[in-house]
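# A structural walkthrough
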Amino acid sequence: MEINAQLARLHHADLRARATAHHLATAVKPPTELRTRVGWTLVDLGLRLVSAPRPALAVAR
């Protein structure tokens, strides 16, 4: 068999093994990670809005 064909088969097998490993690794992670990050981002945004200095109101006389 030609060397290029052998290398292509090995490369294909390596890519498939990496893809399988990636799918297995992502299946193990709990889905709450994204929910937690979004939640804390909203808390941070809320704290920024509350602590932002407000412009002084002009009093009409």
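Scroll up to find the structure.
Calculation notes
- Residues numbered from 1 in each chain as written.
- Predicted model: local features only at pLDDT ≥ 70, side-chain atom pairs only at ≥ 80, totals over all residues.
- Heavy atoms only, no water.
- Helix = DSSP H or I, 4+ residues; strand = E, 2+ residues; numbered from the N terminus.
- Buried < 20%, exposed > 50% of the residue type's maximum accessible area, 1.4 Å probe, protein only.
- Areas by Shrake-Rupley, 256 points an atom, 1.4 Å probe, with all protein chains shown as cover.
- Patch = residues over 30% accessible without salt bridge, like charges linked within 9 Å, V, L, I, M, F, W, Y side chains within 5 Å.
- Salt bridge = Lys/Arg side-chain N within 4 Å of Asp/Glu carboxyl O.

Summing up its helical and strand segments, the chain has two helices and zero strands in all. Within the span of the chain, comprising 61 residues, buried residues form 0% of the whole. Total accessible area computed for the chain in this model is approximately 6,300 Å², and 66% of it derives from carbon and sulfur atoms.

With that out of the way, let us pick up a nonpolar patch on the surface. A surface patch of nonpolar side chains, about 510 Å² in accessible area, is lined by Leu 34, Val 38, Leu 42, Leu 45 and Leu 49. Among the structural elements, Leu 45 can be located in helix H2 (residues 32-51).

Moving on, we get to the pattern of salt bridges. Evaluation of the coordinates by the stated rule reveals two salt bridges. Of the charged contacts, one joins Asp 14 and Arg 18 as a salt bridge, the two residues approaching to 3.5 Å between their closest N and O atoms. Linking Asp 14 with Arg 18, this pair stays in helix H1 (residues 3-28), spanning four residues, or about one helical turn. You can call Arg 18 exposed: its relative accessible area is 58%. A salt bridge links Arg 48 to Asp 44; its shortest N-O distance comes to 3.3 Å. Remark: Asp 44 and Arg 48 occur in helix H2; sequence separation between them is four residues, near one turn of the helix. Overall, Arg 48 belongs to the exposed group, its relative accessible area being 56%. You can call Asp 44 partly exposed: its relative accessible area is 35%.

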